[in-house]
Amino acid sequence: MQQSPGRLHEGALISASSLLPAEIETVAELRELYRAAESRAARLRLLSAGGHALALAGPDTVWTVVQDCAERLAYFLGHAWATVSADGPGLAIPRPGQAEAVLGRIAIGSLTSLDDIADAEDREAARLLIELIGIALDRANREDERTRI
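Cut-offs applied
- Residues numbered from 1 in each chain as written.
- Predicted model: local features only at pLDDT ≥ 70, side-chain atom pairs only at ≥ 80, totals over all residues.
- Heavy atoms only, no water.
- Axes fitted to C-alpha atoms, helices over the stretch in contact; angles between N-to-C directions.
- Helix = DSSP H or I, 4+ residues; strand = E, 2+ residues; numbered from the N terminus.
- Parallel < 35°, antiparallel > 145°, perpendicular 65-115°, else oblique.
- Contact = heavy atoms within 4.5 Å.
- Pairing = 2+ DSSP bridges.
- Core = buried A, V, L, I, M, F, W, Y, C linked by side-chain atoms within 4.5 Å.
- Buried < 20%, exposed > 50% of the residue type's maximum accessible area, 1.4 Å probe, protein only.
- Salt bridge = Lys/Arg side-chain N within 4 Å of Asp/Glu carboxyl O.

Draft legend 1. Representation of the packing of helix α2 (residues 27-56) against helix α4 (residues 120-148) in the model. At their nearest, the axes of α2 and α4 sit 10 Å apart, and the two run at 5 degrees to each other. Classed by the angle they form, the pair α2 and α4 counts as roughly parallel. Between α2, through R40, R43, L46, L47, G50, G51, L54 and A55, and α4, the contact on the second element is made entirely by E121, D122, A125, L128, L129, L132, I133, A136 and R139.

Below is the structure:
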């Protein structure tokens, strides 16, 4: 039996258009979906890598790890630098369960609050990472207190 071009065998030909949802019609739309997926993957990598490093940090290394996470956050947000300090300007690092209590601040470019981050999903990823930083700092402070006692 002679097969027509593009046909593997009877009934096996599947057109590319049948594999895609009906609303995806152009290459531009596909590129937009790809960029959105890449953005979500970058946010997940930011949170995963930061969370992992913070979970492994001890009282003696926590500030170094926090600085690394802050720099990673700065790069993610398109800035070249970040510094972490106990006080001063920048994004507040809240104490877990006490949003008004500040453990430190992360200065990233000209950002003064999370509201300065234009993209809502990027803002949420930054908020989550900063909360993870606060949890790690609080844990390290408690471990340090126990050691002193």
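Having seen it, we continue.
Draft legend 2. Molecular detail of the sheet that holds strand β1 (residues 82-85). Reading across from one edge, β1-β3-β2 is the order of the 3 strands in this open sheet, with antiparallel pairing throughout. With partners counted over all chains shown, the strands left at the sheet margins are β1 and β2 (91-95), one partner each. Sheet twist, expressed as the mean angle between neighbouring strand axes with direction ignored, is 35 degrees. Looking at chain direction, β1 and strand β3 (residues 98-108) are connected through 4 bridges and run antiparallel. The residue of β3 that forms the bridge with V84 is I106. Its contacts with the sheet place helix α3 (residues 62-76) against β1 and β3, and it is angled at close to 145 degrees to β1. The strands touched by α4 are β2 and β3; relative to β2, the strand with the most contacts, the crossing angle is about 50 degrees.

Draft legend 3. Region of interest: the nonpolar core. Of all hydrophobic cores here, the largest spans 28 residues; its most connected members are L54, L73, I93, I106, I108 and I133. For this core, the secondary-structure elements that each account for two or more residues are α2, α3, β1, β2, β3 and α4. Among the elements that line this core, the one with the most residues is α4, at 8 residues. Those residues within four positions of L73 in sequence are excluded, and the remaining contacts are L46, I108, A126, L129 and I130.

Draft legend 4. Looking closely at the pattern of salt bridges. Scanning all chains against the criterion turns up 8 salt bridges. Salt-bridge contacts for D138 lead to R95; the nearest nitrogen and oxygen are separated by 2.9 Å. Of this pair, D138 sits in helix α4 while R95 is found in strand β2, placing the two residues 43 residues apart along the sequence. Taken together, the shared-partner salt bridges in this structure form one network comprising R43, D119, E121 and D122.

Draft legend 5. Local environment of the side chain of D122. Tracing the backbone shows D122 in helix α4. By relative accessible area, which is 18% here, D122 ends up buried.

Draft legend 6. Here's a closer look at the packing of α2 against α3. Contact geometry of α2 with α3 gives a least axis separation of 10 Å together with a crossing angle of 175 degrees. In this view, α2 runs roughly antiparallel relative to α3, as classed from their interaxial angle. Note on element contacts: α3 touches α2 through V65, V66, C69, R72, L73 and F76, opposite A42, R43, L46, A49, G50, A53 and L54.

Draft legend 7. Region of interest: the pairing of β3. Of the pairings in the sheet, the one linking β2 to β3 comprises 5 bridges and is antiparallel in character. Residue pairing across strands places A92 opposite R105, the latter belonging to β3. As consecutive antiparallel partners, β2 and β3 are separated by 2 residues, and within that stretch G97 has a phi angle of approximately 80 degrees, a positive value.

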